[in-house]
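Topology and contacts: notes
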Amino acid sequence: MIKRLLIAVAIATLLPAAAMADIRLCTGSSSGNYFAAGQEIAKMAGKNLPVSVVETEGTIDNLQRLIDQPADSPTACDAMIGQPDGPVYIGRQSPAKVKKLRQVGGLHREYLHVLCSKASGVDDLGDIADGGHSLAIGEPGSGAWLIWQNIIAEDDSYAKVPVTNEGGIIALSAVASDVTTCMLVPSGLKNGTVMEADSNFGDSVVLADANDKDFNDATDITGKPLYTYVDIPSGTYPNSLQTGLFGSSVSTISWLAGVYVNTDRFTDQKQLAAFIQAVARASAGIKAEYGQ
């Protein structure tokens, strides 16, 4: 009997560890940084912790799939990558919902890029609250739309600014033509729209500051500061948006993209621990690629 038991133990040690249940990780567009970051996390998780990277419409869509959809829904997720102001926005609507959320990692740094019409004379986001200006914030639920909701929550004077739901090259064209005063682009460095502005719209568009001190009051779901004030590194957009002998640093608000889980969907603590470890291992490479 003892001999059989020893043989069984020996065989078990030679077999690979049992794979854990699949983790569905909501990210964003397949062409965006969140999706690429999700793939890096899945790579670090390995075959014993299968992570399915799910393409979505971004942070708000991720939160809806993570919190509102039943766990057994085919489009639901167990974890997500997103802007930290997403949970803040949801928390204002329903504080009970965010109690299910837990941040398990921080990824690359993102910045609020504010592109404004050169003809308007606006060189700081705060200027548009004075009246006579307009702003493109993208479709409802987009990253730009989301950050605008939090800006309004911190300073309601911005709520008077007329907005459009245009984004990308369409919004950029409107800004360059001074049809719309400014547009918001929350992203990591060298975002495609901002690079387009730098390469082809430099004679009519400027990269403006966004350092209104009212943003200091914003906190994340743990009560810590939501935004920090940083400079977009000089020379990031060297063709026209940041020119001159030393380049042109631009002061703006910044944050780290976060990884969140729905704690109700991680009943296996070993699985949660393994996922957190995979996120931590992937983080260094993601930051190196998309910004510290």
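Placed above this text is the structure.
All of these numbers come straight from a predicted model, not from anything done at the bench.

About the criteria used
- Residues numbered from 1 in each chain as written.
- Predicted model: local features only at pLDDT ≥ 70, side-chain atom pairs only at ≥ 80, totals over all residues.
- Heavy atoms only, no water.
- Helix = DSSP H or I, 4+ residues; strand = E, 2+ residues; numbered from the N terminus.
- Buried < 20%, exposed > 50% of the residue type's maximum accessible area, 1.4 Å probe, protein only.
- Contact = heavy atoms within 4.5 Å.
- Areas by Shrake-Rupley, 256 points an atom, 1.4 Å probe, with all protein chains shown as cover.
- Lys, Arg positive; Asp, Glu negative; His and termini not counted.
- Charge placed at Lys NZ, Arg CZ, Asp CG, Glu CD.
- Core = buried A, V, L, I, M, F, W, Y, C linked by side-chain atoms within 4.5 Å.
- Disulfide = S-S within 2.5 Å.
- Salt bridge = Lys/Arg side-chain N within 4 Å of Asp/Glu carboxyl O.
- Expected span 1.5 Å × (residues − 1).
- Arc of directions from axis to C-beta.
- Phe/Tyr/Trp six-rings, centres within 6.5 Å; stacked < 30°, edge-to-face > 60°.
- Lys NZ or Arg CZ within 6 Å of the ring centre and 35° of its normal.
- Pairing = 2+ DSSP bridges.
- 1 Å grid on protein atoms, 1.4 Å probe; cavity = no way out; pocket = protein on both sides within 12 Å on 5 of 7 lines; lining within 4 Å.
- Points joined across faces, edges and corners; volume = space filled by probe spheres on them.
- Nonpolar A, V, L, I, M, F, W, Y, C, P; charged D, E, K, R; others polar.

**Overview of the overall build of the chain**
Tallying secondary structure elements over the chain gives 9 helices and 10 strands in all. Projected onto its principal axes, the C-alpha positions of the chain cover 90 × 40 × 30 Å. Counting all 292 residues of the chain, 48% fall into the buried class. Long-range pairs, those at least 24 residues apart, make up 78% of the contacts in the chain between residues at least 6 apart in sequence. Surface summary for the chain: the accessible area is close to 13,700 Å², and the carbon and sulfur share equals 53%. For the chain, the centre of its 21 positive side-chain charges and the centre of its 32 negative side-chain charges are spaced 17 Å apart.

**Re the nonpolar core**
Counting 39 residues, the largest nonpolar core has Leu-112, Val-114, Leu-125, Ile-128, Trp-148 and Leu-184 as the members making the most contacts within it. Sorting the residues of this core by element identifies helix H3 (59–68), helix H4 (85–93), strand S4 (101–117), helix H6 (143–154), strand S7 (182–187) and strand S10 (250–262) as the ones contributing at least two each. Of all the elements, H6 adds the most residues to this core, at 6 residues. If near-sequence neighbours (up to four positions away) are discounted, Ile-128 is found in contact with Val-122, His-133, Leu-135, Trp-148, Tyr-158, Val-161, Thr-181 and Cys-182. If you look at the next biggest cluster of nonpolar residues, it comprises 23 residues, including Ile-41, Val-51, Leu-272 and Phe-275.

**Side note on the state of the cysteines**
Following the criterion strictly, the structure yields 2 disulfides and no others. Between the sulfur of Cys-26 and that of Cys-77 lies a disulfide, 2.0 Å long from S to S. Between Cys-26 and Cys-77 the disulfide shows an S-S torsion of about 75 degrees. By sign, it is right-handed. With Cys-26 in strand S1 (residues 23–26) and Cys-77 in the loop between H3 and strand S3 (79–82), this pair connects stretches of sequence that are 51 residues apart. An identical accessibility class is assigned to Cys-26 and Cys-77; each is buried. Paired through a disulfide, Cys-116 and Cys-182 show a sulfur-sulfur distance of 2.1 Å.

**Let's talk about the pattern of salt bridges**
Applying the stated criterion to the full structure yields 3 salt bridges. With its nearest N and O atoms 3.2 Å apart, the salt bridge here joins Asp-61 to Arg-65. One end of the pair, Asp-61, and the other, Arg-65, are both in helix H3, 4 residues apart, so they sit about a helical turn from each other. Between Asp-68 and Lys-97 there is a salt bridge whose closest N-O contact spans 3.0 Å. In this pair, Asp-68 sits in helix H3 while Lys-97 sits in helix H5 (residues 95–98), placing the two residues 29 residues apart along the sequence.

**Describing helix H2 (residues 33–45)**
Taking 1.5 Å of rise per residue, the 13 residues of H2 would be expected to cover 18 Å, and the 18 Å separating its terminal C-alpha atoms lies within 8% of that figure. Of all the residues in H2, the buried ones are Tyr-34, Phe-35, Ala-37, Gly-38, Ile-41, Ala-42 and Ala-45. Along H2, the residues classed as buried sweep out an arc of 160 degrees about the axis, all on the same side.

**What about the packing of aromatic side chains?**
Think of a pair of aromatic rings as described by two things: how far the centres are apart, and how the planes are tilted against each other in angle. Applying the stated criterion across every chain yields a total of 5 aromatic pairs. Residues Tyr-89 and Trp-145 carry aromatic rings whose centres are separated by 5.3 Å and whose planes lie at 75 degrees to one another, so their mutual orientation is edge-to-face. Residue Tyr-89 is located in helix H4, and its partner Trp-145 is located in helix H6; the two are separated by 56 residues in the primary sequence. One exposure class covers both Tyr-89 and Trp-145, and it is buried. Where Trp-148 meets Tyr-158, the ring centres are 5.6 Å apart and the plane angle is 75 degrees; that geometry is what we call edge-to-face. Remark: Tyr-158 occurs in the loop between H6 and strand S6 (163–164) and Trp-148 occurs in helix H6; sequence separation between them is 10 residues. For Trp-148, a relative accessible area of 2% puts it in the buried group. Overall, the relative accessible area of 1% leaves Tyr-158 in the buried class. Taken together, the ring pairs in this structure connect Trp-148, Tyr-158 and Phe-215 into an aromatic cluster. Taking NZ or CZ as reference, Lys-213 lies 4.4 Å from the ring centre of Tyr-229, over its face.

**Some points on the pairing of S3**
A two-sided burial pattern is seen for S3, the buried positions comprising Ala-79 and Ile-81 on one face and Met-80 and Gly-82 on the other. Pairing of S1 with S3, which is carried by 2 bridges, proceeds in the parallel orientation. Along S3, the bridge assignment pairs Cys-26 with Met-80. One ladder, built from 4 bridges, connects S3 with S10; its direction is antiparallel.

**Re the layout of surface pockets**
Estimated volume of the largest pocket: approximately 970 Å³. In terms of lining, the largest pocket is formed by 39 residues, of which the most central are Ser-142, Gly-143, Ala-144, Pro-186 and Asn-191. For the lining of the largest pocket, the secondary-structure elements that each account for two or more residues are H2, H3, S4, H6, S7 and helix H8 (192–200). If one sorts the elements of the lining of the largest pocket by residue count, S7 sits on top with 5 residues. The residue makeup of the lining of the largest pocket, split by class, is 12 nonpolar, 21 polar and 6 charged. Considering only enclosed or pocket space, the second largest pocket measures out at about 200 Å³ in volume. As for the second largest pocket, its lining consists of 13 residues, and the residues nearest its centre are Pro-84, Pro-225, Leu-226, Trp-255 and Leu-256.

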